[in-house]
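Here's the letter readout for the chains.
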Amino acid sequence: MNSNITDRKIRFALVGCGRISKNHFDSIAQHGDRAELVDICDIDPKALDAAVKATGARGHASLTTMLATTTADCVIVTTPSGLHPRQAIEIAQSGRHVLSEKPMATKWEDGVRMVRVCEEAGVYLFVVKQNRRNATLQLLKQAVEKKRFGQIYMVTLNVFWQRPQVGYYDQAKWRGTWEMDGGAFMNQASHYVDLLEWVVGPIESLHAYTATLARDIEAEDTGVLSVKWRSGALGSLNCTMLTYPKNLEGSVTILGEKGTVRIGGVAVNEIKEWQFADIDPDDEKIKEASYTTTSVYGFGHPLYYDNVIKVLRGEAEPDVDGREGLKTLEVLMATYRSARDGVRVGLPLEL
């Protein structure tokens, strides 16, 4: 990897000044003592102009022109998902680290290629999974690692949100397309798909149904996924963007031999049940861990950036690198393959 940066601020650039970019701008500003945003680019002049005014960074009309002059150490990719692989590869080949929003790609082969090119170029590939940093999920992950549940029997995740046709899908032609976006599982619920393996462990097989019931998009607005883990646990992920009249819940429930936990709220932000046979100091942290949010993005982006900055300074290992990002992409690909072909799909996809 490139040598550690300790004598100055880490310099970031960003491509794609859309809906999620503000979370990245705010996160870098929060870490202003160690990081700065130097360049941004977007092919939409209005979006670029607004972002330049908001951040004071230099604006560029294309990624290629930005890469030709930027002093950035790491380039953030917040464009439509289908563009991530090509852009990540171009960034890596320019010798810079890549920080990609989720999902890292919309096709399995593209994700694998991103990882390979970044490794060959000797640069980091970071994939944003900011929900992992939520205090509620950190406590849940620790409970699983400490084996407090004993054997885990059942796991249920619900993503009951609302994404309207007008004001969301109609905002941009790429939304809801297979090539650029994917559907409810791949875009909105991908953080919950990530939890399936990150919290519970390796998946043995899965079976999915998807449907496009009410939105005028190519991909699904609703889906159900049944999962069998290698540990023997069974579970499901239920997901819809059609909840009336607004986002209702993003939740995870784990039922085990010696423990029951349910984390709910709009975005896994409130611990609703926390029952274990054995007492642990973590039990005192439950009330502090719950937080109020109206944002389904949660508060994880600044915490995620803290890790990225520490990695580039040589002070930490990446929380989520490209190979970790591939685990979620693999589950998503298996989900879509299962739904399309009407079959149970085993993991890993490739042996």
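One can find the structure itself at the top, above this paragraph.
Residues numbered from 1 in each chain as written. Predicted model: local features only at pLDDT ≥ 70, side-chain atom pairs only at ≥ 80, totals over all residues. Heavy atoms only, no water.

## Remarks on the environment of Leu-349
Okay, step 1: As for its placement among the helices and strands, Leu-349 is situated in the segment after strand S14 (345–346).
Okay, step 2: Judged by its relative accessible area of 17%, Leu-349 falls in the buried class.
Okay, step 3: Measuring from C-alpha to C-alpha, the distance between Leu-349 and Met-333 comes to 8.5 Å, with 16 residues separating the pair along the chain.
Okay, step 4: The contact partners of Leu-349, leaving out residues within four places of it in the chain, are Trp-108, Glu-330, Met-333, Ala-334 and Arg-337. (Helix = DSSP H or I, 4+ residues; strand = E, 2+ residues; numbered from the N terminus. Buried < 20%, exposed > 50% of the residue type's maximum accessible area, 1.4 Å probe, protein only. Contact = heavy atoms within 4.5 Å.)

## Regarding the sheet that holds strand S2 (residues 35–41)
Neighbouring strands of a sheet are bound in pairs by backbone hydrogen bonds; such pairs are parallel or else antiparallel.
Okay, step 1: Spatially, six strands are ordered S3-S2-S1-S4-S5-S6 in an open sheet, and the strand pairing comes out parallel. Two strands lie at the open edges of the sheet, namely strand S3 (58–60) and strand S6 (125–127), each paired on one side alone. Pairs of neighbouring strands in the sheet enclose a mean axial angle of 25 degrees, with direction left out of account.
Okay, step 2: Pairing analysis gives four bridges linking strand S4 (residues 74–77) to strand S5 (residues 97–100), with the strands arranged parallel. Counterpart to Val-77 in the pairing with S5 is Ser-100. (Pairing = 2+ DSSP bridges. Axes fitted to C-alpha atoms, helices over the stretch in contact; angles between N-to-C directions.)

## Quick word on the nonpolar core
Okay, step 1: Counting residues in each nonpolar core, the largest one holds 108 residues, and the members touching the most others are Phe-12, Leu-99 and Leu-196.
Okay, step 2: Not counting residues up to four positions away in its chain, the partners in contact with Leu-196 are Leu-157, Gly-201, Ile-203, Leu-225, Val-227, Trp-229, Leu-237 and Val-331. (Core = buried A, V, L, I, M, F, W, Y, C linked by side-chain atoms within 4.5 Å.)

## Observations concerning the sheet that holds strand S9 (residues 222–229)
Okay, step 1: The eight strands lie next to each other as S13-S12-S11-S7-S10-S9-S8-S14, forming an open sheet whose pairing is mixed. The open sheet has two edge strands with one neighbour each: strand S13 (270–276) and S14.
Okay, step 2: Pairing of strand S7 (residues 152–160) with strand S10 (residues 234–240), which is carried by seven bridges, proceeds in the parallel orientation. The residue of S10 that forms the bridge with Phe-160 is Thr-240.
Okay, step 3: Contacts from helix H6 (residues 135–145) reach S7, strand S11 (249–256), strand S12 (259–264) and S13, with the element oriented near 20 degrees to S13.
Okay, step 4: The sheet strands contacting helix H10 (residues 322–341) are strand S8 (203–211), S9 and S14, and the helix crosses S8 at an angle near 55 degrees.

## Some thoughts on unusual backbone geometry
Okay, step 1: Here the bond from Lys-102 into Pro-103 is cis, since omega is -25 degrees, no more than 30 degrees from zero.
Okay, step 2: In this fold, Pro-103 is placed in the loop between S5 and helix H5 (108–121).
Okay, step 3: Following Leu-347, the chain continues to Pro-348 via a peptide bond in cis, the omega torsion being 0 degrees.
Okay, step 4: Turning to its location among the elements, Pro-348 is positioned in the segment after S14.
Okay, step 5: In this structure, Lys-147 takes a positive phi of about 60 degrees despite not being glycine.
Okay, step 6: One non-glycine residue, Val-268, lies in positive phi territory at about 40 degrees.
Okay, step 7: As for its position among the elements, Val-268 is in the loop between S12 and S13.
Okay, step 8: For Val-268, a relative accessible area of 0% gives the class buried.

## Side note on a nonpolar patch on the surface
Okay, step 1: On the surface, a nonpolar cluster with roughly 360 Å² of combined accessible area is contributed by Tyr-153, Met-154, Leu-234 and Leu-255.
Okay, step 2: As for its placement among the helices and strands, Met-154 is situated in strand S7.
Okay, step 3: Assessed through its relative accessible area of 38%, Met-154 is described here as partly exposed. (Patch = residues over 30% accessible without salt bridge, like charges linked within 9 Å, V, L, I, M, F, W, Y side chains within 5 Å. Areas by Shrake-Rupley, 256 points an atom, 1.4 Å probe, with all protein chains shown as cover. Salt bridge = Lys/Arg side-chain N within 4 Å of Asp/Glu carboxyl O.)

## Remarks on the packing of helix H1 (residues 21–30) against helix H9 (residues 300–312)
Okay, step 1: Following both chains from N to C, one finds H1 and H9 inclined at 55 degrees, their axes separated by 9 Å at the closest point. Our classification of the angle between H1 and H9 gives oblique. With respect to the hand of their crossing, H1 and H9 are arranged in right-handed fashion. The segment H1 lies against H9, with Asn-23, His-24, Ser-27, Ile-28 and Gln-30 engaging His-301, Pro-302 and Tyr-305.
Okay, step 2: Residues of the contact of H1 with H9, tallied by class, amount to three nonpolar, five polar and no charged. (Parallel < 35°, antiparallel > 145°, perpendicular 65-115°, else oblique. Left-handed = near helix turned anticlockwise from the far one by under 90°. Nonpolar A, V, L, I, M, F, W, Y, C, P; charged D, E, K, R; others polar.)

## Quick word on the pattern of salt bridges
Okay, step 1: Evaluated as defined, the whole model comprises 24 salt bridges.
Okay, step 2: The salt bridge partner of Arg-148 is Asp-283, with a shortest N-O separation of 2.9 Å. Placement of the pair is Arg-148 in the loop between H6 and S7 and Asp-283 in the loop between S13 and helix H8 (286–289), with a sequence separation of 135 residues.
Okay, step 3: For Arg-148, a relative accessible area of 9% translates into the label buried.
Okay, step 4: Exposure remark for Asp-283: the relative accessible area of 22% places this residue in the partly exposed category.
Okay, step 5: Where salt bridges share partners, they join Arg-132, Asp-194, Glu-324 and Lys-327 into one cluster.

## Re the side chain of Glu-101
Okay, step 1: For Glu-101, the position within the fold is in the loop between S5 and H5.
Okay, step 2: This buried residue, Glu-101, is left without a salt bridge; Lys-102 holds the nearest opposite charge, at 5.5 Å. (Lys, Arg positive; Asp, Glu negative; His and termini not counted.)

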